[in-house]
Structure formats: structure tokens, C-alpha cells
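Given next are the chains, with one letter for each unit.
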Amino acid sequence: MPLRAYGVIKGTITKVRREDHDPVSPHFQMTLKATTGETWRIPINVKSTDGTFIWFLKEETFGPKASHFLESLLPLPEGFMSAADPACPKVDYVKRPLFDRFKMRQTIASGPGDNDDVQDVLFRYSEEARTHKSSTFVFGEPFEGGLHGLHMNQGSDGPHSGVNGPNQDGCLIFHFPHRPAGHQFVAFFFAFTEQCWFTNIRGYPLPGFADGPLTIVDTSSAGVPLVLSSVIVDPLGDDRGNETVTIHNPNEHVVHLKGWMIQDGIGKVDKIGDISIQPRHDANVRLRGNGASLPNAGGRVILLRPDGTTAHDATYVTRGERPGTSIKFEHH
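Residues numbered from 1 in each chain as written. Predicted model: local features only at pLDDT ≥ 70, side-chain atom pairs only at ≥ 80, totals over all residues. Heavy atoms only, no water.

A short note on the overall build of the chain
Here's step 1: Counting its regular elements, the chain contains two helices and 20 strands.
Here's step 2: Over its C-alpha atoms, taken along the principal directions, the chain stretches across nearly 70 × 40 × 40 Å.
Here's step 3: Here the chain holds 332 residues, and the buried ones make up 49% of them.
Here's step 4: The long-range fraction of contacts in the chain, counting pairs at least 24 apart against all pairs at least 6 apart in sequence, stands at 65%.
Here's step 5: Summing over all exposed atoms, the chain offers an accessible surface of approximately 15600 Å²; the carbon and sulfur share of this is 53%. (Helix = DSSP H or I, 4+ residues; strand = E, 2+ residues; numbered from the N terminus. Buried < 20%, exposed > 50% of the residue type's maximum accessible area, 1.4 Å probe, protein only. Contact = heavy atoms within 4.5 Å. Areas by Shrake-Rupley, 256 points an atom, 1.4 Å probe, with all protein chains shown as cover.)

Pasting the structure below:
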């Protein structure tokens, strides 16, 4: 189940405050005000929920897609815009990243020196934004009088898994028009130590991946094209453990499927075992029955590479076929 609500606030900073003496859950506190006269309290987590460091990134260099997203924020009206509004921009660290996750660093909440903790960095840039009355954008979950959750909001396992969801990650962005062109945006991204960066379409962690943004996986299959060909959704006998997905290999070489995954339309996943597909041949993958499943009324199937990226996403439609009938995918 995703966050109860999500959106973005555009405003200017009126005051900031550090929290250095909370050993359990310190926050960097900001107050935003909009031209509408509304004010919001913005608490930013600076320590993971397990009491350790937080994954943190201050980014000032952006690629074309991220730059386009940032520029699209400038015309937004001041105040809160809900994700229920189709015009509301959304942030997703995994599916549409604005930054390179490998640049994130383990950072402490409070330290004895200058510029040695998260709050030092946030204070310096927040003061610049307050002094220049710079537009400030905060993404997260609103509450009465404020907005929180300015961090990754997917990939959690355990007590916080109930708020996992796609397109609802939080962050903090400043626009500094007094700076030279090309250097006017500064963005801040946060994630907890226990969050996984390989998630399904519902924002839940994929099985078999370690937590943290620096997780490296076998990318030998990256870019390999495979095609979802057909399914048997109503096999002879019991459905459980007998549903099959047929995958076609259009390449001129053998593709080993060990580590690949099949994901259904609600995000459940089956890991494929030690199966190989010969060049220009098919392979039938039988679902185990305790992961992905194929609804008899039609559905969606996603083929994922070992690194969690999508190789093919397709849908099928049933038309009253007899049990055991192979059904071709509608879209490739």
C-alpha cells in the first residue's frame, strides 16, 4: 500500500533549525511559506530508522532528462500540489532516476567539524535559499501543517513495507537564479540503510538483492533482447505450479536465464532457474505457484533481467479458450 497522500510544495524558506541532540530520530527542520500566505513545517530525516547513518547525495550536475524535469518545476504555482492532480510531477529513484545512485554516500546526522554531516550541508544551502528567497521544492507526504517523507519511499522490507509504492519518492530541490546558467539547481536525495534499490512495479523489493544504492549485480545480460511469446494460464489440472510463460530468444547466441525473473501485473515475482534458450528458439518457464501468477481473465507479464531492468513488458487477453491452450501476447 503506498503513502496515504503525495505531492510537492513550492515556496520559500523562512527559517531552518538543526536537531543535534536527538539520539533516536533527528530531523533537519525547515519552514516554507508560499505567496498564498500558507506555511508548512518540513522535517527531513537525517538518520536511518535503524539508528545508523543515512544514504545522502547533494547533486548539482544533471543529465538531459533530469534537467528537463527540473525546468518543468519552475512554472508550478506556489503552495501544495497533490499527486491526484495529473499535472503534479512525481519522483521515482528507481524507475525514473534524477541522479546516479552510485554517487550516494553514507553520511552521519551530526559531527564535531564543519561540513562533516548531513545537517551541515543542508544548513549551508538552505541559508543561501533563505537569503535569496529562492524557490524551494519539497516532495513527500503531506500532514496537517507540513510535509515529511523527503526520502526514498519504496524498497523497504519489514515494518515500513506498508508504505512502499512507485512514483512517490521524496527529495528537496533549490532553484538559485542568482547563479550562472547551468548551475542553478541543487537537489538533495535521501535513503535509509534498509531500503533496496531493485523494486517491482508496486515498489516492493525484488528477492535476492542486497540493500543500499551501491549494490552491484551481474550485468552480463544487460541489453540482451528476449521476447515474451505466449502463456498457458489455464493448464490441464491444477493452475498452481503448472502455469507457463514462453520466452523467445531472437539472438544468434545462447541466453542463460538463471537469475532472470518473471513479474506479474501486481508485482509478484518468480525467479527463473537454470534454463538456457538456444539461438532463435523458445523456452517454456513453469511458474512455481508461490510467486508470479497468471490470471485467467487476462493480465500483464514483465520479463526482468538479473539486474532488475525490464527486458519485455506485455499483456495477454483470454477469449474463452479451452484448458491447456497457449495464448499469444497482444503487445510486444
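So that's the structure; there's more coming.
Concerning unusual backbone geometry
Here's step 1: One non-glycine residue with positive phi stands out, namely asparagine 115, at about 60°.
Here's step 2: When you line up the elements, asparagine 115 lands in the loop between strand S6 (105-107) and helix H2 (118-132).
Here's step 3: Overall, the relative accessible area of 49% leaves asparagine 115 in the partly exposed class.

Side note on the pairing of strand S11 (residues 227-232)
Here's step 1: Two elements, S11 and strand S12 (residues 244-248), share five bridges in a ladder whose sense is antiparallel. Directly across from valine 227, in S12, lies its bridge partner histidine 248.
Here's step 2: Here S11 runs beside strand S20 (residues 327-328); their pairing, made up of two bridges, is antiparallel. The partner of serine 230 across the bridge, within S20, is lysine 328. (Pairing = 2+ DSSP bridges.)

Digging into the sheet that holds strand S15 (residues 269-271)
Strand pairing in a sheet takes place through backbone hydrogen bonds and is either antiparallel or parallel in direction.
Here's step 1: Strand order in the open sheet made by the four strands is S15-S14-S18-S19, with antiparallel pairing throughout. Among the strands making up the open sheet, the edge pair consists of S15 and strand S19 (310-316). Between one strand axis and the next, the sheet turns through 20° on average, direction left out of account.
Here's step 2: Here strand S14 (residues 261-264) pairs with S15 via three bridges, running antiparallel. Considered in S15, the bridge of isoleucine 262 is made with aspartate 270. (Axes fitted to C-alpha atoms, helices over the stretch in contact; angles between N-to-C directions.)

A short note on the environment of phenylalanine 329
Here's step 1: Examined against the element boundaries, phenylalanine 329 turns out to sit in the segment after S20.
Here's step 2: A sequence separation of 318 residues divides phenylalanine 329 from glycine 11, and the C-alpha atoms of the two residues are 47 Å apart.
Here's step 3: Those residues in contact with phenylalanine 329 that sit more than four places away from it in its chain are Leu228, Ser229, Ser230, Val231, Val301, Ala314, Thr315 and Tyr316.

Comments concerning the sheet that holds strand S17 (residues 282-286)
Here's step 1: Spatially, S17-S12-S11-S20 is the arrangement adopted by the four strands of the open sheet, whose pairing is antiparallel. A single partner strand is all that each edge strand has here, and the edge strands are S17 and S20.

Regarding the pairing of S14
Here's step 1: The two faces of S14 match: Met261 and Gln263 on one face and Ile262 and Asp264 on the other face are all buried.
Here's step 2: Relative to strand S18 (residues 299-304), S14 is paired through four bridges, and the arrangement is antiparallel. Following the sheet pairing, aspartate 264 is matched in S18 by valine 301.

Thoughts on a nonpolar patch on the surface
Here's step 1: Residues Phe102, Leu214 and Ile216 make up a contiguous nonpolar surface patch of roughly 280 Å² in combined accessible area.
Here's step 2: Note that isoleucine 216 resides in the loop between strand S10 (185-191) and S11.
Here's step 3: Judged by its relative accessible area of 65%, isoleucine 216 is exposed. (Patch = residues over 30% accessible without salt bridge, like charges linked within 9 Å, V, L, I, M, F, W, Y side chains within 5 Å. Salt bridge = Lys/Arg side-chain N within 4 Å of Asp/Glu carboxyl O.)

Examining the pattern of salt bridges
Here's step 1: Inspection of every chain in the model, using the stated rule, returns 13 salt bridges.
Here's step 2: The partner of arginine 179 in a salt bridge is glutamate 128, and the shortest N-O contact between them spans 3.0 Å. Taken together, the positions of arginine 179 in the loop between strand S9 (171-175) and S10 and glutamate 128 in helix H2 put the pair 51 residues apart, joining distant regions of the chain.
Here's step 3: A relative accessible area of 17% means that arginine 179 is categorised as buried.

Quick look at the side chain of serine 230
Here's step 1: Mapping serine 230 onto the fold places it in strand S11.
Here's step 2: Look at serine 230 and you get buried, because its relative accessible area is 4%.
Here's step 3: Among the polar contacts made by the side chain of serine 230, one reaches the side chain of serine 326 at a distance of 3.1 Å.
Here's step 4: Not counting chain neighbours up to four residues away, the residues in contact with serine 230 comprise Thr244, Val245, Thr246, Ser326, Ile327, Lys328 and Phe329. (Polar contact = N/O pair within 3.5 Å; in protein donor to acceptor, adjacent residues only side chain to side chain.)

What about the side chain of serine 134?
Here's step 1: Tracing the sequence through the fold places serine 134 in the loop between H2 and strand S7 (135-143).
Here's step 2: Non-local contacts of serine 134, meaning those with residues more than four positions away in its chain, are made with Gly11, Thr12, Glu128, Ala129, His175, Phe176 and His178.

Taken by themselves, the reported measurements are silent on function.
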